[in-house]
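# Commentary on secondary and tertiary structure
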2 protein chains.
Amino acid sequence: MNKKKITIKDVAKKAGLSITSVSQILNGNTQRFSEKAIKKVYAAQKELNYVPDFFAQRMVTKKSHLIGVLVPDISNPFFAQLFLGIQDILNKQGYVALLYNMEGDEKQESHYVEDLIRRGVDGLIIASSAFSDQSIYQALQRESLPMIVMDQKTETDMVDAVQADNYDGGKQAALYLQELGHKKAAVVLPENPTVNVRKRYEGFASVYGDELLVVNGELSTSGGQGAVKKIINSDITAIFAINDLIAFGLYMGLKEAGKKIPNDYSVVGFDDISPCGYVTPPLTTIAQPTFELGQEAAKMLMGRLNSPQKEPEEKILPVKLVQRFSVMPLK
Amino acid sequence: MNKKKITIKDVAKKAGLSITSVSQILNGNTQRFSEKAIKKVYAAQKELNYVPDFFAQRMVTKKSHLIGVLVPDISNPFFAQLFLGIQDILNKQGYVALLYNMEGDEKQESHYVEDLIRRGVDGLIIASSAFSDQSIYQALQRESLPMIVMDQKTETDMVDAVQADNYDGGKQAALYLQELGHKKAAVVLPENPTVNVRKRYEGFASVYGDELLVVNGELSTSGGQGAVKKIINSDITAIFAINDLIAFGLYMGLKEAGKKIPNDYSVVGFDDISPCGYVTPPLTTIAQPTFELGQEAAKMLMGRLNSPQKEPEEKILPVKLVQRFSVMPLK
DNA sequence: ATAGTATGCTAAAACGTTTTACCAAATTTA
DNA sequence: TAAATTTGGTAAAACGTTTTAGCATACTAT
């Protein structure tokens, strides 16, 4: 039970060198040292099974190799997938992600951010909505913490950003539906949409113009379910669900109402989360490169960490329509 | 741009007291101090907007208030939900979860655990499989780090554990199916099942005995899809998918094969993840109290942190059958 | 031979807390 | 009134690194 922590001092003693030398060599600054010294240090390290104390290290370097990640809902497979992409890159670079789930209380977002700052994260990836909160942005500026915002870039932000081509996605969905003969369409989206969601809508609206029925519903299955009432009271034949969860809600609601997809209504979603494939009928949707989106965000953050002064960058990844069986040509 | 870090020293100076006093008071050890001193310290803190440096604090206290969480696949909504439950409790207590996703390379699990240890986590929640790896266990013992294992408890482990009543779940599924007249059933599960999965199987087998067709398939949709071939070549009428993802795979495979659920085959799943509700037909399944499972694990870990010497505890949460529309009585 | 320059290494400061051990003054007890 | 105790506080050590500044010694060039 005598757990004596092994410190750099022990290694130095065993190697017959100074603490400084051990530190330098172990950190790769080997230029100024002899072969022999280097060998001895590594040998001692191995023998003692020495690993530097994380907190002591961080205290002096001020780098935690910790990245804060904020998502609105990790139980939405889209964000789980996104997180996986982020983690993929981060881990390869020796960084680790601290995941915070906003779940409802997005007002508290600034509270979480404060906490993340306290814990000494080196940077943030914000895939959540309430970034609009100016106070967050200022807190980050104050600490000069780099961050990447996902899908939330407003034109004025001087901040790195990565997003999917939401506008084009909406447009593709609309073009596809129109080509198949659908004259009138509905789109269901939240009342106060975040930027990315609004872009999808705008892309869609750019082709459907006035022949568009807008129905409000939250970004969840119940949001979609709640929207069907208005839809079945209209004369539209196609529905654009602003995300897949809403589309699934429509599935449920429409079934309850005795309507068939795609016979009565064609529906296309957005995201391409995995249930799209095993729902009935499989959902035609606009696929985001979700994993890659996460990777890209992480890469961009790593990039900024290495060169803090470079110009804010913005990356837009393409989306594509994946055709399954929830859409039919209107005869 | 002159970002001078505010330290406890600054607070001490402003309050006209010693560093020691400030530290004590701010940490709630106010007994030995006068009202006046206390007031002054708080005032100074507020005025300077002082917050203790995380790493300096940790370096001396050795507590990170960080909990490592290992899951096999965060994109499975089950684990996302579980994580939410964990986070719910942890955050309320001022702790934070470090989520690691094992995704495939479970051999690397011990590598991740090492990393978690290096980063100074105060404890671990392991919902992953390869805990069998003895070396992990030893590493943790060596550092005397508390951990909770989920769904992986083998009889011999002297470790805190929380799990769902997997055996009973399997049994409930079987009883239900049998009652509806199904004489022969199949169960699909991985070749080398983890403990929890085996328990489900055993519970199911305890009622079906010999009339049981065992088909192997991984814990994913593709695992279920791959299993249908063997199933349609048999004379069984009911299928127990050892988790919901497998069930969804069966949905896809059976459809391809031109079979209908529940008319041709009744299927029941396990977990009750959210897609169960919007798949067609909605999936009858054994519901785990997923969120609560996570909460319970977190609570138990907090408990052990506070009293390291208490006896290892084991908690089993009940599961229940939720009937939807993927099962029919056999006429 | 002498100045200059690599080469190989180290002592000590710094990072910002918590904790330990102790002290002086004021109050109580005998 | 002397001794003991309580009250309100502090100085300094410790935590385990990285980094800065510098120091011999040996080699090179003039």
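Presented here is a report on the structure given in the accompanying data block. It should be emphasised that the depicted structure is a prediction, and the values quoted were computed from it without experimental measurement. (Residues numbered from 1 in each chain as written. Chains lettered and ligands numbered in written order. Predicted model: local features only at pLDDT ≥ 70, side-chain atom pairs only at ≥ 80, totals over all residues. Heavy atoms only, no water.)

Moving on, we come to the sheet that holds strand E10 (residues 284-287) of chain A. Residues and elements named next belong to chain A. A sheet is described by the order of its strands in space; here 6 strands give the open sequence E7-E6-E8-E9-E10-E12, paired in mixed fashion. The sheet is open, and its two edges are formed by strand E7 (212-216) and strand E12 (320-322), each paired on a single side. Averaged over all neighbouring strand pairs, the angle between strand axes comes to 20°, with direction disregarded. Along the sheet, helix H10 (residues 221-232) contacts strand E6 (185-189), E7 and strand E8 (238-241); its crossing angle with E7, the most-contacted strand, is approximately 145°. (Pairing = 2+ DSSP bridges. Helix = DSSP H or I, 4+ residues; strand = E, 2+ residues; numbered from the N terminus. Axes fitted to C-alpha atoms, helices over the stretch in contact; angles between N-to-C directions. Contact = heavy atoms within 4.5 Å.)

Residues and elements named next belong to chain A. In a regular helix each residue adds 1.5 Å, so 14 residues correspond to 20 Å; helix H3 (residues 35-48) covers 20 Å between its end C-alpha atoms and thus fits that length. Residues Ala37, Ile38, Val41, Ala44 and Leu48 constitute the buried set of H3. The buried residues of H3 all sit within an arc of 135° when viewed along its axis, so they share a single face. Counted as exposed and oriented over 90 degrees from the buried face of H3: Glu35, Lys36, Lys39, Lys46 and Glu47. Considering only its buried residues, H3 is in contact with helix H1 (8-15) and helix H2 (19-26). (Expected span 1.5 Å × (residues − 1). Buried < 20%, exposed > 50% of the residue type's maximum accessible area, 1.4 Å probe, protein only. Arc of directions from axis to C-beta.)

With that out of the way, let us pick up the environment of Phe204 of chain A. Residues and elements named next belong to chain A. Take Phe204: it is sitting in helix H9 (residues 195-208). Distance in space between the C-alpha atoms of Phe204 and Ala174 is 5.2 Å, their sequence separation being 30 residues. Among residues more than four places away in sequence, those in contact with Phe204 are Gly170, Lys171, Ala173, Ala174, Leu177, Ala185, Leu212 and Phe240.

Turning our eyes to something else, we now look at the environment of Tyr42 of chain A. Residue and element names in this part refer to chain A. For Tyr42, the position within the fold is in helix H3. Once the C-alpha coordinates of Tyr42 and Asn216 are considered, the two residues, 174 residues apart in sequence, prove to be 63 Å apart. Ignoring anything within four residues of it in the chain, the contact list for Tyr42 reads Ile25 and Leu26.

This part covers the packing of H10 of chain A against helix H11 (residues 244-256) of chain A. Residues and elements named next belong to chain A. Two elements in contact, H10 and H11, have axes separated by 6 Å at closest approach and are oriented at 50°. Classified by the interaxial angle, the pair formed by H10 and H11 is oblique. Note on packing geometry: the crossing formed by H10 with H11 is right-handed. Taking contact as the criterion, the partners of Thr221, Gly224, Gln225, Ala227, Val228, Ile231 and Ile232 in H10 are, on H11, Leu245, Ile246, Phe248, Gly249, Leu250, Met252, Gly253, Leu254 and Glu256. Grouping the amino acids of the contact of H10 with H11 by side-chain chemistry returns 10 nonpolar, 5 polar and 1 charged. (Parallel < 35°, antiparallel > 145°, perpendicular 65-115°, else oblique. Left-handed = near helix turned anticlockwise from the far one by under 90°. Nonpolar A, V, L, I, M, F, W, Y, C, P; charged D, E, K, R; others polar.)

Once that is clear, we can look at the packing of H1 of chain A against H2 of chain A. All names here are of chain A. At their nearest, the axes of H1 and H2 sit 8 Å apart, and the two run at 100° to each other. By the criterion of interaxial angle, the relationship of H1 to H2 is roughly perpendicular. Two secondary-structure elements touch here, H1 through Ile8, Lys9, Val11 and Ala12 and H2 through Ile19, Val22 and Ser23. Broken down by class, the residue content of the contact of H1 with H2 amounts to 5 nonpolar, 1 polar and 1 charged.

With that out of the way, let us pick up the protein's contact with DNA strand D. Around DNA strand D sit 28 residues in total, of which Ile8 and Ser23 of chain A together with Thr20, Ser21 and Ser34 of chain B are the nearest. Contact between DNA strand D and Ser23 of chain A: a phosphate oxygen at 2.5 Å from a side-chain N or O atom of the residue. Asn27 of chain A is positioned with one of its side-chain polar atoms (N or O) 3.1 Å from a phosphate oxygen of DNA strand D. Listed by contribution, the elements that provide at least two residues to the surface near DNA strand D are H2 and helix H4 (54-61) of chain A together with helix H2 (19-26) and helix H4 (54-61) of chain B. With 5 residues, H4 of chain A is the largest single contributor of residues to the surface near DNA strand D. (Near = heavy atom within 4 Å. Polar contact = N/O pair within 3.5 Å; in protein donor to acceptor, adjacent residues only side chain to side chain.)

So, on to the protein's contact with DNA strand C. Among the 28 residues in the neighbourhood of DNA strand C, the closest are listed as Ser18, Thr20 and Ser21 of chain A together with Ile8 and Ser23 of chain B. Protein-proximal atoms of DNA strand C, defined as those within 4 Å of the protein, fall in sugar or phosphate at a share of 52%. A distance of 2.6 Å separates a phosphate oxygen of DNA strand C from a polar atom in the backbone of Ile8 of chain B. Within the contact set of DNA strand C, a phosphate oxygen lies 3.3 Å away from a side-chain nitrogen or oxygen of Gln57 of chain B. Elements represented by at least two residues in the surface near DNA strand C include exactly H2 and H4 of chain A together with H2 and H4 of chain B. In terms of residue count, H4 of chain B provides more of the surface near DNA strand C than any other element does, 5 residues in total. Among the residues forming the surface near DNA strand C, the class breakdown is 13 nonpolar, 11 polar and 4 charged.

The next subject is the sheet that holds strand E5 (residues 160-164) of chain A. Residues and elements named next belong to chain A. The sheet built from 6 strands is open, its strands ordered E2-E1-E3-E4-E5-E11 with parallel pairing. Each edge of the sheet is formed by a strand with only one pairing partner; in this case those strands are strand E2 (96-101) and strand E11 (314-317). The average angle at which neighbouring strand axes cross in this sheet is 15°, direction not considered. Here E5 runs beside E11; their pairing, made up of 4 bridges, is parallel. If you follow Gln163 over to E11, its bridge partner there is Ile316. With respect to the sheet, helix H6 (residues 109-118) is in contact with strand E1 (66-71), E2 and strand E3 (123-126), its orientation differing from that of E2 by roughly 155°.

The next point concerns the nonpolar core. One finds Ile239 and Leu250 of chain A together with Ile239 and Leu250 of chain B to be the most contacted residues of the largest nonpolar core, which totals 152 residues. The residues contacting Leu250 of chain A, other than those within four sequence positions of it, are Val188, Gly224, Gln225, Ala227, Val228, Ile231, Ile239, Ala241 and Lys255 of chain A. Judged by nonpolar contacts, the second largest core, of 44 residues, contains Leu124 and Val149 of chain A together with Leu70 and Tyr112 of chain B. (Core = buried A, V, L, I, M, F, W, Y, C linked by side-chain atoms within 4.5 Å.)

Another aspect to go through is the relation of the copies chain A and chain B. Mapping chain A onto chain B calls for a screw motion: a turn of 180° about the axis and a shift of 0.2 Å along it, with 0.2 Å RMSD after fitting. One copy is carried onto the other by what is essentially a two-fold rotation axis. Here 100% of the interface residues in chain A have copies in chain B that are interface residues too; the copies meet face to matching face. (Least-squares fit on C-alpha atoms with pLDDT ≥ 70 in both.)

Our next topic: the pattern of salt bridges. For the coordinates displayed, the defined rule picks out 26 salt bridges over all chains. A salt bridge links Glu313 of chain A to Lys310 of chain A; its shortest N-O distance comes to 3.7 Å. Between Asp271 of chain B and Arg200 of chain B there is a salt bridge, with the nearest N and O atoms lying 3.9 Å from each other. Within this pair, whereas Asp271 of chain B is found in strand E9 (residues 266-271), its partner Arg200 of chain B is found in helix H9 (residues 195-208), the two being separated by 71 residues in sequence. Each member of the pair, Asp271 of chain B as well as Arg200 of chain B, carries the same accessibility label: buried. (Salt bridge = Lys/Arg side-chain N within 4 Å of Asp/Glu carboxyl O.)

Bringing the environment of Lys171 of chain A into the picture now. All names here are of chain A. Among the structural elements, Lys171 can be located in helix H8 (residues 166-179). Classification of Lys171 as partly exposed rests on a relative accessible area of 34%. For the pair Lys171 and Thr237, spaced 66 residues apart in sequence, the C-alpha separation works out to 17 Å. For Lys171, the residues in contact, after removing those within four places along its chain, are Gly203, Phe204, Ser206 and Val207.

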